[in-house]
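So you can see what is in the structure, the chains are spelled out below.
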Amino acid sequence: MILLDGKETANRLNEQLKLRIIDAYKTYGRIPELDVILVGDHPASLSYIRGKERACKKVGMAYRLHHLKTDVSQKELEALIDQLNEDVNVDGMILQLPIPKHLDEVSLIDRIRIDKDADGFHVINQGNMYQKRKAIHPATPQGIMMLLDAYDIDVKGMNATIIGRSNIVGFPVARLLMDRNATITVCHSKTKDLSEHTKNADIIIAAVGVPRMLKKEMVKPGAIIIDVGINRIDDKLIGDVDFEALKDVVGYMTPVPKGVGPMTISALMDNTFSLYFAHVNNA
Ligand code: NAD
């Protein structure tokens with residue numbers, strides 16, 4: 001089995017991005033800036049944003065955190081997003097999810113200007129992506145594509161089974177794999193016989209949130225396995241794939257941690273740089 005090492009790949013891509021930022025700074029006189037809006041103290045979110053801050057530092061990007069109390073009002077959040085939309089130093093912003101239930105997530109995401117939508121979650125960015133127009137792609141699916149590219153994996157003609165249909169992972173990753181000429185099956189919580197769809201797959205993307213749900217008997221020998229799942233058990237991170245059981249059967253596999261997670265952050269850095277590049281060129 002070849003390990004799809006997200007950590008090592010992300011480090012390499014981040015090094016390359018750092019050089020591009022140094023070059024861009026010489027030309028445009030400023031560095032890109034990513035702003036993160038965090039509501040409350042969700043432990044997983046705190047850990048994710050620390051990863052994003054570290055990555056910004058590594059690539060030489062400015063990072064600004066707006067940490068708001070759990071009971072912040074919709075109006076206050078809207079005012080902050082409006083302010084960041086207008087701030088010429090802000091190239092990309094993200095609203096760290098999940099946010100508390102009293103807030104309207106959809107309208108807040110759609111309030112972010114699309115030229116600052118570093119996560120690619122805005123309805124217009126998503127619409128552009130689904131229509132194969134120029135768009136910022138959601139970071140996790142984009143990070144998975146970057147990882148496949150790094151290992152020269154061409155999915156053309158492959159049977160791809162995606163487990164999970166969320167707007168941020170499962171559904172967009174299906175679109176991106178279809179763009180690369182894979183044949184797509186999307187499974188979800190109402191799928192009757194999951195094994196029937198995974199056994200036939202040359203590549204499986206597991207994005208569910210159920211620890212070790214993809215078992216050895218569910219995969220075909222030599223398959224490519226991308227484990228997106230992050231499940232916290234006793235302070236340990238466990239994927240959706242039974243890594244130990246599959247490792248002698250499959251062809252390629254991502255670990256958890258150090259697989260899709262670092263690639264997601266690398267894609268976010270890349271997205272922010274693209275937004276910055278458009279800003280400095282249109283200034
Ligand atoms: P989600 O809860 O929005 O979606 C989960 C999907 O899994 C749903 O579409 C649901 O229908 C499907 N599902 C649930 N139970 C199932 C079952 N038994 N069989 C088949 N399908 C089932 O989650 P999400 O936001 O897409 O995230 C999925 C996982 O990926 C989570 O563990 C999350 O923490 C992780 N994640 C990781 C990264 C990363 O950077 N590595 C990024 C985003 C999400």
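Residues numbered from 1 in each chain as written. Predicted model: local features only at pLDDT ≥ 70, side-chain atom pairs only at ≥ 80, totals over all residues. Heavy atoms only, no water.

## With respect to the overall build of the protein
Worth spelling out the cut-off: A run of H or I in DSSP becomes a helix once it reaches four residues, and a run of E becomes a strand once it reaches two; helices and strands are each numbered from the N terminus. As defined in this context, the radius of gyration uses C-alpha atoms, and a globule is described by 2.2 Å times the residue total to the power 0.38. Relative accessibility under 20% of the residue-type maximum defines a buried residue, over 50% an exposed one, and the middle range a partly exposed one, all with a 1.4 Å probe and only protein chains included. The contact criterion used throughout is that any non-hydrogen atoms of two residues lie within 4.5 Å. None of His or the chain ends enter the tally, which takes Lys and Arg as positive and Asp and Glu as negative. A charged residue contributes its charge at one atom only: NZ of Lys, CZ of Arg, CG of Asp or CD of Glu.
The helix and strand tally for the protein stands at ten helices and eleven strands. For a compact globule of 283 residues, the expected C-alpha radius of gyration is about 19 Å, and the protein comes in at 19 Å, within 12% of that figure. Considered along the principal axes of its C-alpha atoms, the protein spans approximately 55 × 45 × 40 Å. Looking at the protein residue by residue over its 283 residues, the buried ones come to 51%. For the protein, long-range pairs separated by at least 24 residues make up 72% of all intrachain contacts whose partners lie at least 6 apart in sequence. Considering the protein, the positive charge centre built from 36 side chains and the negative charge centre built from 37 side chains are found 2 Å apart.

## Considerations on the layout of surface pockets
Here is the rule: As defined here, a cavity is a set of points on a 1 Å grid over the protein atoms alone where a 1.4 Å probe fits but cannot get out. A pocket is an open set with protein on both sides within 12 Å along at least five of seven lines, and residues line them when an atom is within 4 Å of a point. Grid points are joined across faces, edges and corners, and a volume is the space filled by probe spheres set on the points. Note on residue categories: nonpolar means Ala, Val, Leu, Ile, Met, Phe, Trp, Tyr, Cys or Pro, charged means Asp, Glu, Lys or Arg, and polar means any other residue, Gly included.
Approximately 360 Å³ is the volume attributed to the second largest pocket. Lining the second largest pocket are 14 residues; nearest its centre among them are Lys-134, Ala-135, Ile-136, Ser-274 and Leu-275. In terms of residue count, the dominant contributor to the lining of the second largest pocket is helix H10 (residues 260-282) (six residues). Among the residues forming the lining of the second largest pocket, the class breakdown is five nonpolar, six polar and three charged.

## What to know about the pairing of strand E2 (residues 33-39)
Here is the rule: Any two strands between which DSSP finds at least two bridges are classified as paired.
Most of E2 is tucked away, with seven of its seven residues classed as buried. Of the two faces of E2, the one holding Glu-33, Asp-35, Ile-37 and Val-39 and the one holding Leu-34, Val-36 and Leu-38 are both buried throughout. Strand direction decides the pairing type here: E2 and strand E3 (residues 62-68), joined by seven bridges, are parallel. The partner of Glu-33 across the bridge, within E3, is Ala-62. Examined bridge by bridge, E2 and strand E4 (residues 92-95) share four bridges and lie parallel to one another. Bridged to Val-36 within E4 is Ile-94.

## Re helix H7 (residues 170-179)
Buried residues dominate H7, accounting for seven of its ten residues. Among the residues of H7, those classed as buried are Gly-170, Pro-172, Val-173, Ala-174, Arg-175, Leu-176 and Leu-177. In the core, the buried residues of H7 are packed alongside helix H5 (123-130), helix H6 (139-150), strand E5 (159-163), strand E6 (183-187) and strand E7 (203-206). Positive phi appears at Asn-181, one or two residues downstream of H7, with a value of about 70°.

## Quick notes on the site of the ligand
For the record, the criterion: Nearness is defined per residue: one heavy atom within 4 Å of the molecule or strand is enough. Each polar contact in these results corresponds to two N or O atoms within 3.5 Å; when the atoms are within protein, one needs to be able to donate a hydrogen and the other to accept it, and residues that are neighboring in sequence are counted only if both atoms are side-chain atoms. Calculation of accessible area relied on Shrake-Rupley with a 1.4 Å probe; when residues are assessed, cover is drawn exclusively from the protein chains displayed.
In the neighbourhood of the ligand, 19 residues make up the surrounding shell, with Arg-165, Ser-166, Ser-189, Ile-230 and Thr-264 lying closest. In this structure, an oxygen atom belonging to the ligand sits 2.5 Å away from a side-chain N or O atom of Ser-166. Between the ligand and the protein, one listed contact pairs an oxygen atom with a side-chain N or O atom of Thr-264 at 2.8 Å. Burial of the ligand by the protein chains amounts to 69% of its free accessible area of 850 Å². Per-class residue counts for the shell around the ligand are nine nonpolar, nine polar and one charged.

## Observations regarding the packing of aromatic side chains
The condition is simple: Two aromatic rings, drawn from Phe, Tyr or Trp (for Trp, its six-membered ring), form a pair once their centres lie within 6.5 Å of each other, and the interplanar angle then sorts them: stacked below 30 degrees, edge-to-face above 60, tilted otherwise.
One pass over the full model with this rule turns up four aromatic pairs. Between the aromatic rings of Tyr-28 and Phe-277, the centroid separation amounts to 6.0 Å while the plane-to-plane angle is 90°, which identifies the pairing as edge-to-face. Of this pair, Tyr-28 sits in helix H1 (residues 6-28) while Phe-277 sits in helix H10, placing them 249 residues apart in sequence. Judged by centre distance (5.5 Å) and plane angle (40°), the rings of Phe-273 and Tyr-276 are tilted.

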